[in-house]
Amino acid sequence: PSASVLRIERIQARILDIPTIRPHKLSFGAIQRQSPVIVQLWLSDGASGFGEAATIGGPSWNEESPESIRHAIDSYLAPAVIGQDAGRFEQLLQRMDLACKGNRFAKSAVEQAAIDAVARSLGLPVWQLLGGKQRESLPLAWTLASGDSAKDIEEAEKMLAARRHRIFKLKIGARAPQEDVAHVARIARALDGRASMTVDVNQAWDGATARRYLPEMIDAGVGLIEQPVAQWNEEALRQLTATLPHTALVMADETVCTPQDAMRLARHNACHVFSLKIAKHGGLLRTRAVADVARAADIGWYGGTMLETSVGSAASAHVFATLGGTHHNCELFGPQLLVDDIVEQQMVLSDFALQLPDGPGFGLTVVPERLDRFDRARQGLTPV
Ligand code: MUC
Ligand code: MG
């Protein structure tokens, strides 16, 4: 073996608990804290890198939870990659796939940490290792999810005045659909053409409800509709994509995880846009694979989030910056929804857009004391 090979020496995964600045209400429940799993990975030359896997509400967004992620890493994924050449990213993914089915969030955190570590060791930004950047910034959406129209309008006005966000995603699906229509219409009227609006139903509706109520939301001004029906309900997604007014686009989120999911959706013309998320795809390389299917199928992409800290958000920003094709903005606002962060300096937000960091690795510096402060084992908290 060549002396320049960077071997993986050690991997540590810890669960942090960080409160949100306000309750964040989704169709399946409200969250008041995030519990990201932060992975640190050390190389034989002494360099180290970080990765992150965050879920929303334990295992209620999909099957993985902070506890399952840490368990998969400690018991199966770390043993599969320790001692291996960290720079062979695809081979690391294959070894992890052999050792462990599914568990893509967990694999994503390990892959991120390996890529960050190798990039730092080489003194290069991660976007450089992924093929080079095509953009310096990404327009950044904010999610209005207090559950209260007046509070949401006040929050949106503040964001507009501060020139932070003019794209708003509304979380709906918890209440009766008529109430959601009224809520969306109130916000749309108040913002009156000054912002664009997305609704995310997080799988709450059946096909009939979606067909009945989405046209009213589109009339009110909604331009992007995210995961209106259950993850499995591709037939309803397809019908909506074919029949809704052309002023709105249908976006798959929970339904599009693997490149094979992407192929199936593309073959059936089941959506206009994929929400890309490094966690659900299983890392940065798989995110690029899903984005490649999107581009080949004339499907657009949106830079999605699982409400990560700055570590996972920067990892996402790096891969999103390398993508071509039609993009529909990003929502990497996790750091702003949390009361505190684990890095020295967050990514810069200016003029309604997130600016891509340029330093080595993901371009941010993790503060070890902050990891300690939020570490679940030290805080003595229990799962959500
Ligand atoms: C989701 O399903 O998109 C992203 C933003 C937000 O508010 O919730 C998430 C999850
Ligand atoms: Mg979503």
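Residues numbered from 1 in each chain as written. Chains lettered and ligands numbered in written order. Predicted model: local features only at pLDDT ≥ 70, side-chain atom pairs only at ≥ 80, totals over all residues. Heavy atoms only, no water.

### With respect to the packing of aromatic side chains
Rules: Aromatic rings from Phe, Tyr and Trp, taking only the six-membered ring of Trp, are treated as a pair when their centres fall within 6.5 Å; an angle between ring planes under 30 degrees marks them as stacked, one over 60 as edge-to-face, and anything in between as tilted. Segments assigned H or I by DSSP are reported as helices when at least four residues long, segments assigned E as strands when at least two residues long, and all are numbered from the N terminus. For every residue, the accessible area obtained with a 1.4 Å probe (protein chains only) is divided by the maximum for its type, and the residue is called buried under 20%, exposed over 50%, and partly exposed between those limits. As a reminder, the over-ring test applies to NZ of lysine and CZ of arginine, requiring each to be within 6 Å of the ring centre and within 35 degrees of the ring normal.
The final tally for this structure, using the stated rule, is three aromatic pairs. Judged by centre distance (5.0 Å) and plane angle (55°), the ring pair of Trp142 and Phe333 falls under tilted. Taken together, the residues Trp142 in strand 7 (residues 142–144) and Phe333 in the loop between strand 14 (327–330) and helix 13 (334–337) connect sequence positions 191 residues apart. Plain terms: the ring middles of Trp301 and Phe320 are 5.7 Å apart, the flat faces sit at 35° to each other, and that makes the pair tilted. With Trp301 in strand 13 (residues 300–303) and Phe320 in helix 12 (residues 310–321), this residue pair connects regions lying 19 residues apart in the sequence. For the residue pair Trp301 and Phe320, the accessibility class agrees, reading buried in each case. Just above the ring of Tyr213 sits the side chain of Arg212; from NZ or CZ to the centre is 4.4 Å.

### Remarks on unusual backbone geometry
Despite not being glycine, Asn103 shows a phi value in the positive range, around 50°. Note that Asn103 resides in the loop between helix 2 (89–99) and helix 3 (104–122). Relative accessible area serves as the criterion here: at 26%, Asn103 is assigned to the partly exposed category. Within the chain, Arg163 stands out as a residue other than glycine whose phi angle is a positive 55°.

### As for the coordination of the magnesium ion (ligand 2)
What counts here: The rule for donors is simple: an N, O or S atom within 2.8 Å of the metal counts, and for Na, K and Ca the reach is 3.2 Å. Water is not among the atoms, so a site may look short of donors.
Here the magnesium ion (ligand 2) is held by Asp200 (OD), Glu226 (OE) and Asp253 (OD), and the distances to it run 2.0 to 2.2 Å. Counting along the primary sequence, the residues that act as donors to the magnesium ion (ligand 2) give the motif D-x25-E-x26-D. Taken together, the residues span a long stretch of sequence, with Asp200 in strand 9 (residues 196–200) and Glu226 in strand 10 (residues 222–226) at a distance of 26 residues.

### Focus on the nonpolar core
Condition: Grouping buried Ala, Val, Leu, Ile, Met, Phe, Trp, Tyr and Cys residues that are joined through side-chain atoms within 4.5 Å yields what is termed a nonpolar core. Domain borders in the structure are assigned automatically or taken from a domain database. We call two residues in contact whenever any of their non-hydrogen atoms come within 4.5 Å of each other.
Counting 124 residues, the largest nonpolar core has Ile11, Leu43, Ile73, Phe168, Phe274, Leu284 and Ile342 as the members making the most contacts within it. Looking at which domains feed residues into this core, each of domain 1 (8–123 + 367–379) and domain 2 (129–355) supplies at least three. Apart from residues lying up to four places away in sequence, Leu43 is in contact with Leu6, Arg7, Ile8, Glu9, Ala86, Ala117, Val118 and Ser121. Core analysis: the second largest hydrophobic core is formed by six residues, Ile167, Met251, Val273 and Tyr302 among them.

### Here's the deal with the sheet that holds strand 4 (residues 37–43)
Sheets are built from strands paired through backbone hydrogen bonds, the pairs being either parallel or antiparallel. Quick note on the threshold: For two strands to count as paired, DSSP must find a minimum of two bridges between them. Between the N-to-C directions of two axes lies an angle of 0 to 180 degrees, each axis being a line fitted to C-alpha atoms and, for a helix, fitted only over the stretch in contact.
With antiparallel pairing, the three strands of this open sheet are ordered in space as 1-4-5. Looking at which strands have only one partner, the edges of the open sheet turn out to be strand 1 (8–15) and strand 5 (48–53). Here the strands of the sheet are splayed against their neighbours by 20° on average, with no regard to which way each runs. For strand 4 and strand 5, the ladder comprises six bridges, and the chain directions are antiparallel. Bridge pairing in strand 5 links Leu41 to Gly49.

### What to know about helix 7 (residues 207–220)
Quick note on the threshold: Given the number of residues in a helix, its expected span is that number minus one, multiplied by 1.5 Å. Two axes are fitted around each residue, one to the seven residues ending there and one to the seven starting there, and the angle between them is reported as the bend at that residue.
Spanning 14 residues, helix 7 covers 20 Å between terminal C-alpha atoms, matching the ideal 20 Å at 1.5 Å per step. If you look at helix 7, its biggest bend is around 30°, right at Tyr213, and the proline Pro215 turns up within four residues after that. All of the buried residues in helix 7 are Gly207, Thr209, Ala210, Tyr213, Leu214, Met217 and Ile218. Check the buried side of helix 7 and you find it contacts helix 6 (177–191), strand 9, strand 10 and helix 8 (234–243). Once helix 7 finishes, Gly221 follows within two positions and takes phi at roughly 125°, a positive value.

### Some points on the side chain of Ser108
Mapped onto the fold, Ser108 is located in helix 3. When its relative accessible area of 0% is taken as the criterion, Ser108 is described as buried.

### Here we look at the pattern of salt bridges
To be explicit about the condition: Whenever a carboxyl oxygen of Asp or Glu lies within 4 Å of a side-chain nitrogen of Lys or Arg, that contact is scored as a salt bridge.
A full pass over the atoms with the stated rule returns 28 salt bridges. Among the ionic pairs, Arg286 bridges to Glu90, the shortest N-O distance being 3.3 Å. Of the two residues, Arg286 sits in helix 11 (residues 284–296) while Glu90 sits in helix 2, which places them 196 residues apart along the sequence. Glu90 gets classed as partly exposed once you look at its relative accessible area, which sits at 37%. Between Asp116 and Arg120 there is a salt bridge, with the nearest N and O atoms lying 3.0 Å from each other. With Asp116 and Arg120 both in helix 3 and four residues apart, the pair spans about one turn of that helix.

### Topic: the domain arrangement of the protein
Heads up, the condition is: Each of two parts loses accessible area, computed with a 1.4 Å probe, when they are put together; buried area is these two losses added.
In terms of domain boundaries, the protein breaks down into domain 1 (8–123 + 367–379) and domain 2 (129–355). A straight line from the C-alpha centre of domain 1 to that of domain 2 covers 23 Å. Listed as interface residues are 41 residues of domain 1 and, on the opposing side, 46 residues of domain 2. Carbon and sulfur atoms make up 65% of the surface buried where domain 1 meets domain 2, a total of about 3600 Å² over both sides. Counting every contact that joins domain 1 to domain 2 gives four salt bridges. The salt bridge partner of Arg286 is Asp97, with a shortest N-O separation of 3.9 Å.

### Points about the packing of helix 1 (residues 66–81) against helix 2
Counted only if it meets this: Orientation categories follow fixed angle ranges, with anything under 35 degrees roughly parallel, anything over 145 roughly antiparallel, 65 to 115 roughly perpendicular, and all other angles oblique. Should the near helix be turned anticlockwise from the far one by less than a right angle, the crossing is termed left-handed; should it be turned clockwise, right-handed.
At a minimum axis distance of 9 Å, the contact between helix 1 and helix 2 shows a crossing angle of 140°. If you check the angle between helix 1 and helix 2, you find them oblique. Every pair of crossing elements has a handedness; the one defined by helix 1 and helix 2 is right-handed. The segment helix 1 lies against helix 2, with Tyr76, Leu77, Ala80 and Val81 engaging Leu92, Arg95, Met96 and Ala99.

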